[in-house]
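Below, each chain spelled out in residue letters.
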Amino acid sequence: MTRPETAPVRPGEELPLDALREAMRGRVAGDVDDLSALQFPGGFSNLTYLVRAGDPARGGQEYVLRRAPLGPVPKGAHDMIREAHLLEKIHPVLPVAPRPALIVEDPAVIGSPFYLMERRHGTVVRTRLPAEYRDLPDAARRMSGALADTLADLHAVDIDAAGLRDIGKPEGFNARQVSGWAGRWRRAREALRDTGDLPAPDDLNDERVIAWLEAHTPPESAHTLVHNDFKLDNLMLDPADPGRVTALLDWEMTTVGDPLVDLGLTLTYWTMPELPGGAPNEVGAASPGFLGRDELVARYAARAARHMTSDPESHLAALERALPWYEVLGHFKLAVIVIQIFARYRAGQTSDPRFAPLAGQAEWLIREAWRRIREQDART
């Protein structure tokens, strides 16, 4: 059975519809006097809602509302206003990025700054092949190709022509990635110091992972748009054609920097097995029909080479030489993301039961990063 796209709003995460109605009145299309909300239940970070202004079957409008999670959040994180303004610039040059419809910076309206964007329709693939794709020939391979091609097209955006270069600081990007994520990891670990949720540093080797990343930080391979959380379930796919992307979502951490940081994190997601406490994973490199890790890299390289002077074979060879560092960084970044969410859960800032196993998942990711480091050091 296909999981419903939306669900009733979780208790404690309701929207104040009266205040939202007044913020929308006269600023967006649709009957705001007939306002309702459902919640998109996927995702572990920002809160995302389907807001209906009137009956869609009778000319009403649907919007997606994005706001930060409840409770205190790390400084600079979950900045929905930044995300909305980024989409204003990215949508015209990369149409898979949705168009913002309303930006509200006043936190008093619903308890946090938020924005509304156009609703896109499509299938989101998480841990198993949806019913609509099971009888389609080569569905897994086609969506694998769409993943690689969309990432390459994202990195091909002309950041100067689009006015995007100033959204980040591409020079020194890789070094800042390591120092920034290391700081977040240490703060989350300190918050969990007396809980017993993580092994001691000497057992987990987290500080050794950080030291290795610092010692081997490469110069940036190029300066491009970087999504910073590019993975299959941030794509929406045409229900009739798994090779066609209808939307790319979750632009919160987008910046400009080294495109291989994106590719490394994408490969982290793509090659992960079932994580502790997580749902069985039937999607990705280890599953029948999907592109394997090397095939995905080759597909990306072939697409990316269209926008470069190098030929596909030399571009692929250069990628393969560079990628081990970026894949270790990808594992470390994802470990930081999930341990930060778990720390909020442990502190009682959210009661979502999906967050309970995240400490075990962070531990697995750190151990896998350390395993890859030892393999890489053995080869060199």
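In this text, all values refer to a predicted model and were calculated from it rather than measured experimentally.

Student: Now, about the overall build of the protein: what can you tell me, with residues and values included?
Tutor: Tallying secondary structure elements over the protein gives ten helices and nine strands in all. Its C-alpha atoms give the protein a radius of gyration of 21 Å, near enough to 21 Å, the size a compact globule of 380 residues would have. For the protein, the residues scored as buried account for 51% of the 380 residues in total. By sequence separation, contacts in the protein at least 24 residues apart represent 71% of the contacts at least 6 residues apart.

Student: Outline unusual backbone geometry, supporting the account with residue identities and numerical values.
Tutor: Positive phi values are uncommon outside glycine, yet Asp138 reaches one of about 60°. By the element assignment, Asp138 lies in the loop between strand S5 (114-118) and helix H3 (139-155). Of the residues examined, Asp138 reaches a relative accessible area of 55% and is grouped as exposed. At Asn228, a position not held by glycine, the phi torsion is positive, near 80°. Along the chain, Asn228 turns up in the loop between strand S6 (224-226) and strand S7 (235-238). For Asn228, a relative accessible area of 5% gives the class buried.

Student: A description of the sheet that holds strand S1 (residues 35-39) should follow, citing residues and the corresponding values.
Tutor: The antiparallel open sheet is built from five strands, whose spatial order is S1-S2-S3-S5-S4. The outermost strands of the open sheet, each flanked by one partner alone, are S1 and strand S4 (100-104). With strand direction ignored, the average angle separating the axes of adjacent strands in the sheet is 25°. Of the pairings in the sheet, the one linking strand S3 (residues 61-67) to S5 comprises five bridges and is antiparallel in character. Residue pairing for S5: Tyr63 is matched across the bridge by Glu118. On the sheet, helix H1 (residues 17-24) packs against S1, strand S2 (47-53), S3, S4 and S5 and is oriented at approximately 115° with respect to S1. The sheet contacts of helix H2 (residues 80-90) involve S3, S4 and S5, and relative to S4 the element is tilted by about 150°.

Student: How would you summarise empty space enclosed by the protein if you had to cite specific residues and measurements?
Tutor: With the rule as written, the count across this model stands at two cavities of 30 Å³ or more. Quantified by volume, the largest cavity comes out at close to 40 Å³. Surrounding the largest cavity, Leu147, Ala148, Leu151, Leu263, Thr266, Leu296 and Tyr300 form its lining. Secondary-structure elements contributing two or more residues to the lining of the largest cavity are H3, helix H7 (259-271) and helix H8 (293-305). Broken down by element, the residue count for the lining of the largest cavity peaks at three residues, all from H3. Its residues assigned to classes, the lining of the largest cavity shows six nonpolar, one polar and no charged. Reported here for the second largest cavity is a volume of approximately 30 Å³. Along the walls of the second largest cavity sit Arg66, Glu83, Leu87, Pro98, Tyr115, Met117, Leu248, Leu249, Asp250 and Trp251, which together make up its complete lining. Of all the elements in the fold, those that place two or more residues in the lining of the second largest cavity are H2 and S5.

Student: I'd like a rundown of the packing of helix H4 (residues 173-191) against helix H6 (residues 206-215), residues and numbers included.
Tutor: With their axes 10 Å apart at the nearest point, H4 and H6 run at an angle of 170° to one another. Viewed along their axes, H4 and H6 adopt a mutual orientation that is roughly antiparallel. Of the residues in H6, those touching H4 at Val178, Ala182, Trp185, Arg186 and Arg189 are Asp206, Glu207, Ile210, Leu213 and Glu214. Broken down by class, the residue content of the contact of H4 with H6 amounts to five nonpolar, no polar and five charged.

Student: Give a detailed account of the packing of aromatic side chains, specifying residues and quantitative values.
Tutor: According to the stated counting rule, one finds five aromatic pairs in the structure shown. For the pair Phe342 and Tyr345, a centre-to-centre distance of 6.1 Å together with 45° between the ring planes defines the contact as tilted. Residue Phe342 and its partner Tyr345 are both found in helix H9 (residues 312-346); the two are separated by three residues, about one turn of the helix. For Tyr345, a relative accessible area of 25% gives the class partly exposed. Through a chain of ring-to-ring contacts, three or more aromatic side chains come together here, namely Phe342, Tyr345 and Phe355.

Student: I'd love a proper account of the side chain of Thr224, names of residues and values included.
Tutor: Mapped onto the secondary structure, Thr224 falls in strand S6. Setting aside chain neighbours within four positions, we find Thr224 in contact with His155, Ile159, Thr255, Val256, Gly257 and Pro259.

Student: Got a sec to walk through the pairing of S3? Specific residues and values, please.
Tutor: Burial analysis of S3 places six of its seven residues in the buried class, the great majority of the element. Bridge count for S2 against S3 is seven bridges, and the pairing is antiparallel. Note on S3: the bridge partner recorded for Arg52 is Glu62.

Student: Report on the pattern of salt bridges, specifying residues and quantitative values.
Tutor: Throughout the structure, instances matching the rule amount to 35 salt bridges. A salt bridge links Asp352 to Arg10; the shortest N-O distance between them is 3.7 Å. Highlighted residues: Asp352 in the loop between H9 and helix H10 (358-379) and Arg10 in the segment before H1, separated in sequence by 342 residues. The exposure class of Arg10 is partly exposed, given its relative accessible area of 22%. Classification of Asp352 by relative accessible area gives buried; the value is 7%. Salt bridges here are not isolated pairs; linked through shared partners, they connect Arg293, Asp294, Glu320, Glu327, Glu368, Arg371, Arg372 and Glu375.

Analysis parameters
- Residues numbered from 1 in each chain as written.
- Predicted model: local features only at pLDDT ≥ 70, side-chain atom pairs only at ≥ 80, totals over all residues.
- Heavy atoms only, no water.
- Helix = DSSP H or I, 4+ residues; strand = E, 2+ residues; numbered from the N terminus.
- Rg over C-alpha atoms; globule rule 2.2 N^0.38 Å.
- Buried < 20%, exposed > 50% of the residue type's maximum accessible area, 1.4 Å probe, protein only.
- Contact = heavy atoms within 4.5 Å.
- Pairing = 2+ DSSP bridges.
- Axes fitted to C-alpha atoms, helices over the stretch in contact; angles between N-to-C directions.
- 1 Å grid on protein atoms, 1.4 Å probe; cavity = no way out; pocket = protein on both sides within 12 Å on 5 of 7 lines; lining within 4 Å.
- Points joined across faces, edges and corners; volume = space filled by probe spheres on them.
- Nonpolar A, V, L, I, M, F, W, Y, C, P; charged D, E, K, R; others polar.
- Parallel < 35°, antiparallel > 145°, perpendicular 65-115°, else oblique.
- Phe/Tyr/Trp six-rings, centres within 6.5 Å; stacked < 30°, edge-to-face > 60°.
- Salt bridge = Lys/Arg side-chain N within 4 Å of Asp/Glu carboxyl O.

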